[in-house]
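# Structural overview for review
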Amino acid sequence: MATQWKESFTLHHDRIDAQHTELFRLANFVESLDPRSITKLELSALFKEFFDYMQEHFKEEEAYMASIEYPLLQDHQKLHQEIIDSITNLLREKRSIQELQHAMKDASHKWLVEHILHNDLKIEKWRKGNIVTSDIQQNLL
Ligand SMILES: [Fe+2]
């Protein structure tokens with residue numbers, strides 16, 4: 001089973017935490033799907049819903065980073081954009097249902113779950129003063 005959201009992933013921001021929880025849930029749901037019991041159309045619709053939710057979340061997370069004057073806001077925005085671009089490309093390609101599900105699993109784990117666990121948690125470490133600006137700028141983490 002894939003990673004579940006847990007308290008140690010908190011950014012101490014109710015809305016962002018709730019969105020991360022939902023994104024983990026969606027990622028796990030995608031993973032658990034049996035491609036034999038879902039149509040390609042349903043899977044594409046689910047992927048689109050997941051993607052839309054993720055983009056809304058990125059906007060809110062970026063607004064939050066701006067509100068606390070997070071020094072790596074621009075780099076983080078770039079990472080969000082890379083995720084969006086990669087998934088946009090995936091959605092454009094014509095694929096079999098198995099390939100589509102495989103691509104969704106990859107997308108949700110490689111780009112989303114790892115992103116949350118690595119990059120989003122950096123925001124909270126910085127906010128709590130556990131890391132300083134020069135550390136993150138020099139990539140000492
Ligand atoms: Fe993020």
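## Examining the packing of aromatic side chains
Aromatic ring pairs are described here by two measures, namely the spacing of the ring centres and the angle between the planes. Enumeration over the complete set of coordinates arrives at two aromatic pairs. Taking 5.7 Å as the distance between ring centres and 20° as the angle between the ring planes, the aromatic pair formed by Phe9 and Phe24 counts as stacked. One end of the pair, Phe9, is in the segment before helix H1 (14–32); the other, Phe24, is in helix H1, and 15 residues separate them in sequence. With respect to burial, Phe9 and Phe24 carry one shared label: buried.

## Side note on the pattern of salt bridges
Applying the stated criterion across every chain, the model contains six salt bridges. Across the salt bridge formed by Glu22 and Arg25, the nearest N and O atoms sit 3.0 Å from each other. Of this pair, Glu22 and Arg25 are both found in helix H1, three residues apart, which corresponds to roughly one turn of the helix.

## Describing the nonpolar core
Membership of the largest hydrophobic core comes to 38 residues, with the highest contact counts inside it found for Leu43, Phe47, Phe50, Met54, Ile87 and Leu112. Among the secondary structure elements, those contributing two or more residues to this core are H1, helix H2 (40–67), helix H3 (73–92) and helix H4 (97–127). Of the residues forming this core, the biggest block, 11 residues, is contributed by H4. With near-sequence residues (within four places) excluded, Leu112 lies in contact with Leu23, Phe50, Met54, Phe58 and Ala107.

## Focus on the confidence of the model for the protein
Summarising the model, the protein shows a mean pLDDT of 86, and 92% of its residues fall at 70 or more. When pLDDT is averaged over each element of the protein, H2 comes out on top at 92 and helix H5 (residues 133–137) at the bottom at 67.

## A look at the coordination of the iron ion
The textbook angles at a metal center are 109.5 degrees for a tetrahedron of four donors and 90 or 180 degrees for an octahedron of six. The coordination sphere of the iron ion contains the protein donors Glu61 (OE), His76 (NE2), His80 (NE2), His115 (NE2) and Asp120 (OD), at a distance range of 2.0 to 2.3 Å. The sequence pattern describing where the donors of the iron ion fall on their chain is E-x14-H-x3-H-x34-H-x4-D. Pair noted here: Glu61 is in helix H2 and Asp120 is in helix H4, with a separation of 59 residues, a long-range link.

## With respect to the side chain of Glu62
Mapped onto the secondary structure, Glu62 falls in helix H2. Buried charge without a partner: Glu62 forms no salt bridge, and the closest opposite charge is Lys59, 8.7 Å away. Aside from chain neighbours lying at most four places away, what touches Glu62 is Leu73, Gln77 and His80.

## Some details on H1
Compared with the 27 Å implied by 1.5 Å per residue over 19 residues, the 27 Å span of H1 between its first and last C-alpha is a close match. Three or more residues of H1 are buried, namely Ile16, Asp17, Gln19, His20, Leu23, Phe24, Leu26, Ala27, Asn28 and Val30.

## Description of H2
A rise of 1.5 Å per residue sets the reference length of H2, with its 28 residues, at 40 Å; its end C-alpha atoms lie 40 Å apart and thus fit the reference within 8%. Regarding H2, the residues found buried are Leu43, Leu46, Phe47, Phe50, Phe51, Met54, His57, Phe58, Glu61, Glu62, Tyr64 and Met65. Each element contacted by the buried residues of H2 is listed here: H1, H3 and H4. In the segment just after H2, Glu69 is the residue with positive phi, at about 55°.

## Details of the packing of H1 against H4
Interaxial distance between H1 and H4 falls to 9 Å at its minimum, and their mutual angle equals 150°. The angle between H1 and H4 falls in the class roughly antiparallel. In this structure, the crossing between H1 and H4 has a hand that is left-handed. Contact residues: His20, Leu23, Phe24, Ala27, Val30 and Glu31 in H1; Gln101, Met104, Lys105, Ser108, His109, Leu112, Val113, Ile116, Leu117 and Asp120 in H4. Looking at side-chain class alone, the contact of H1 with H4 contains nine nonpolar, four polar and three charged residues.

What counts and how
Residues numbered from 1 in each chain as written. Predicted model: local features only at pLDDT ≥ 70, side-chain atom pairs only at ≥ 80, totals over all residues. Heavy atoms only, no water. Phe/Tyr/Trp six-rings, centres within 6.5 Å; stacked < 30°, edge-to-face > 60°. Helix = DSSP H or I, 4+ residues; strand = E, 2+ residues; numbered from the N terminus. Buried < 20%, exposed > 50% of the residue type's maximum accessible area, 1.4 Å probe, protein only. Salt bridge = Lys/Arg side-chain N within 4 Å of Asp/Glu carboxyl O. Core = buried A, V, L, I, M, F, W, Y, C linked by side-chain atoms within 4.5 Å. Contact = heavy atoms within 4.5 Å. pLDDT = per-residue confidence, 0-100. Donors = N, O, S within 2.8 Å, 3.2 Å for Na, K, Ca; no water. Lys, Arg positive; Asp, Glu negative; His and termini not counted. Expected span 1.5 Å × (residues − 1). Axes fitted to C-alpha atoms, helices over the stretch in contact; angles between N-to-C directions. Parallel < 35°, antiparallel > 145°, perpendicular 65-115°, else oblique. Left-handed = near helix turned anticlockwise from the far one by under 90°. Nonpolar A, V, L, I, M, F, W, Y, C, P; charged D, E, K, R; others polar.

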